[in-house]
Amino acid sequence: MKKLVILTLFAFALTGCEQGKHASTGFSLPEGDAKRGEQVFLSYDCLACHTLAGYEDPERESLLPKRVPLGGDRTRITTYAELVTSVINPSHKLAKSMWPEEVSDEQGQSLMTNFNDVMTVTELTDLVTFLQPQYKLKAFNRTNYPNYFP
Ligand code: HEC
């Protein structure tokens, strides 16, 4: 019986983390304006470090050894909340990269510029309204292993 109580408490403690004061539930963004978001994207010069289909500029110099692609095919939905987090707290979850040193410094912090003191909330909501539809959901393709004939 005592074991059961301890186990139950433990389970509560575990799930508690998700519902604690840092939980992302209840987070909701106002509707943004994609057209203005495009202007925000261009004026903050996101392309100095990123690529986005339809906005290629081979002349443009990159601030990174390799630009980080935005948008395109993903195997899971990229949400508004994830995009907001990527912009206001880039180190929270670093972009998947084969070479982490290309996207983060020695302390594991993102190399992305921090815009928090200059970008307004309206600009942020417009920006993610513009960005989110650039992410397309693509079915996960299983590796096609050739048939094995003994
Ligand atoms: C100085 C370079 C730099 C600039 C400027 C920059 N970023 Fe980034 N950004 C990065 C790096 C490096 C990463 C990868 C590490 C990470 O996930 O934080 C990144 C990651 C991201 C991601 C997550 C990508 C993923 O696949 O997980 C988003 C979204 C993003 N940036 C949006 C923006 C937007 C929007 C702007 C312009 C307002 C911008 N960035 C400007 C360097 C930059």
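Keep in mind that this is a model prediction, so the values were computed, not measured. (Residues numbered from 1 in each chain as written. Predicted model: local features only at pLDDT ≥ 70, side-chain atom pairs only at ≥ 80, totals over all residues. Heavy atoms only, no water.)

**Notes on helix α2 (residues 34-43)**
All of the buried residues in α2 are Gly37, Glu38, Val40 and Phe41. Viewed end-on, α2 has its buried residues packed into an arc of 160°, placing them on one side of the element. Of the exposed residues in α2, those oriented more than 90 degrees away from the buried face are Lys35 and Ser43. For α2, the elements touching its buried residues are α4 (121-131). Capping of α2 at its N-terminal end is provided by aspartate 33; its side-chain oxygen lies 2.9 Å from the backbone amide nitrogen of lysine 35. Directly beyond the C-terminal end of α2, a positive phi value near 55° is found at aspartate 45. (Buried < 20%, exposed > 50% of the residue type's maximum accessible area, 1.4 Å probe, protein only. Helix = DSSP H or I, 4+ residues; strand = E, 2+ residues; numbered from the N terminus. Arc of directions from axis to C-beta. Contact = heavy atoms within 4.5 Å. Polar contact = N/O pair within 3.5 Å; in protein donor to acceptor, adjacent residues only side chain to side chain.)

**Topic: the site of the ligand**
As a matter of local geometry, the ligand sits amid 25 residues, with Cys46, Cys49, His50, Ala95 and Met112 nearest to it. Within the side chain of histidine 50, one N or O atom sits 2.7 Å away from a nitrogen atom of the ligand. At 2.7 Å from an oxygen atom of the ligand is found a side-chain nitrogen or oxygen belonging to serine 110. Of all the secondary structure elements, the ones that give two or more residues to the shell around the ligand are α3 (80-88) and α4. (Near = heavy atom within 4 Å.)

**Considering the coordination of the iron atom of the ligand**
Here the iron atom of the ligand is held by His50 (NE2) and Met112 (SD), and the distances to it run 2.0 to 2.2 Å. Geometry at the iron atom of the ligand is octahedral, judged from its 6 donor atoms and the angles of 87 to 178° they form at the metal. Taken together, the positions of histidine 50 in strand β1 (residues 50-51) and methionine 112 in the loop between α3 and α4 put the pair 62 residues apart, joining distant regions of the chain. Given a relative accessible area of 13%, histidine 50 falls into the buried group. (Donors = N, O, S within 2.8 Å, 3.2 Å for Na, K, Ca; no water. Tetrahedral: all angles 85-135°; square planar, octahedral: opposite > 155°, others 65-115°.)

Functional significance is not addressed by these values, which are geometric in nature.
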